[in-house]
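# Observations on the three-dimensional arrangement
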Amino acid sequence: MAELKQRQVRHLLLVTGVDHMPRASLVGHIVAGSRGIQVTPVPVDCADVCVWESPLKVAADALRAVIWVVSGQDVKRLVLAQSRAEAPR
């Protein structure tokens, strides 16, 4: 995001499969939008190979995006690091 801001990017086209667009668009709007960058979704048909993401995955990634915007920390990495630290050896 810092590089986009530095280059004064104000608008992004988000191109991904229609099955991934709900999550990608929500996360993109949260993250890019927090930096004043407009996001325009451009869904691509995935035909018979669509793998729709669950509402739980969409919500979890949206929450991660909000936490990242507020704290600058990716909680997924923090959780993984904590799990490794607590794993029995």
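All of the points below concern the structure found in this document. (Residues numbered from 1 in each chain as written. Predicted model: local features only at pLDDT ≥ 70, side-chain atom pairs only at ≥ 80, totals over all residues. Heavy atoms only, no water.)

### Topic: the pattern of salt bridges
Filter applied, for reference: Criterion for a salt bridge: a side-chain nitrogen of Lys or Arg within 4 Å of a carboxyl oxygen of Asp or Glu.
In the structure shown here, the tally under the stated rule is six salt bridges. We note a salt bridge from Glu 3 to Arg 7, for which the minimum N-O separation is 3.1 Å. Salt bridges sharing common partners tie together Arg 23, Glu 53, Lys 57, Asp 61, Arg 64 and Asp 74.

### Thoughts on a nonpolar patch on the surface
Heads up, the rule is: Residues enter a patch when their relative accessible area is above 30% and they make no salt bridge; the linking distance is 9 Å between like charges and 5 Å between nonpolar side chains (Val, Leu, Ile, Met, Phe, Trp, Tyr). Note that accessible areas follow from Shrake-Rupley with a 1.4 Å probe, and for residues the cover is restricted to the protein chains shown. Going along the chain from the N terminus, every DSSP run of H or I of four or more residues is numbered as a helix, and every run of E of two or more is numbered as a strand. With a 1.4 Å probe rolled over the protein chains alone, any residue whose accessible area is under 20% of its type maximum counts as buried; one over 50% counts as exposed, and the rest are partly exposed.
On the surface, Leu 13, Val 15, Val 42 and Val 44 cluster together into a nonpolar patch covering about 340 Å² of accessible area. Of all the secondary-structure elements, those providing two or more residues to the nonpolar patch are strand S1 (11-17) and strand S2 (38-44). Secondary-structure assignment places Val 42 in strand S2. On the basis of relative accessible area, Val 42 is assigned to the partly exposed category, the value being 33%.

### Side note on the pairing of S1
This is how it is decided: In this analysis, strands are considered paired if DSSP registers two or more bridges between them. Throughout, right-handed denotes a crossover for which the path from the first strand over the helix to the second runs clockwise when the strands point away from the viewer.
As paired elements, S1 and S2 share seven bridges and run parallel to each other. Bridge assignment links Leu 13 to a residue of S2, and that residue is Thr 40. Following the backbone out of S1, through helix H2 (residues 21-33) and into the adjacent parallel S2, one traces a crossover that is right-handed.

### Some remarks on H2
We count it as follows: What the arc describes is the spread of directions from the helix axis to the C-beta atoms. Contacts are assigned to residue pairs that have any heavy atoms within 4.5 Å of one another.
Turning to H2, its buried residues number three or more, namely Met 21, Ala 24, Ser 25, Gly 28, Val 31 and Ala 32. Considered in projection along H2, the buried side chains sweep an arc of 145° and stay on one side of the axis. Where H2 is buried, its residues touch S1, S2 and helix H3 (55-71).

### Describing the packing of H2 against H3
Worth spelling out the cut-off: A fitted line through C-alpha atoms serves as each axis, taken over the contacting stretch for helices, and the angle formed by two N-to-C directions is quoted from 0 to 180°. By the definition adopted for this analysis, an angle is roughly parallel if under 35 degrees, roughly antiparallel if over 145, roughly perpendicular if from 65 to 115, and oblique otherwise. Put simply, a crossing is left-handed when the front helix is turned counterclockwise from the back one by less than a right angle, and right-handed when it is turned clockwise.
Contact pair H2 / H3: the axes reach a minimum separation of 9 Å and the direction vectors enclose 15°. It follows from the interaxial angle that H2 and H3 lie roughly parallel. The way H2 lies across H3 gives a crossing that is right-handed. Residues Arg 23, Leu 26, Val 27, Ile 30 and Val 31 of H2 lie in contact with H3, whose contacting residues are Lys 57, Val 58, Asp 61, Ala 62, Ala 65, Val 66, Trp 68 and Val 69.

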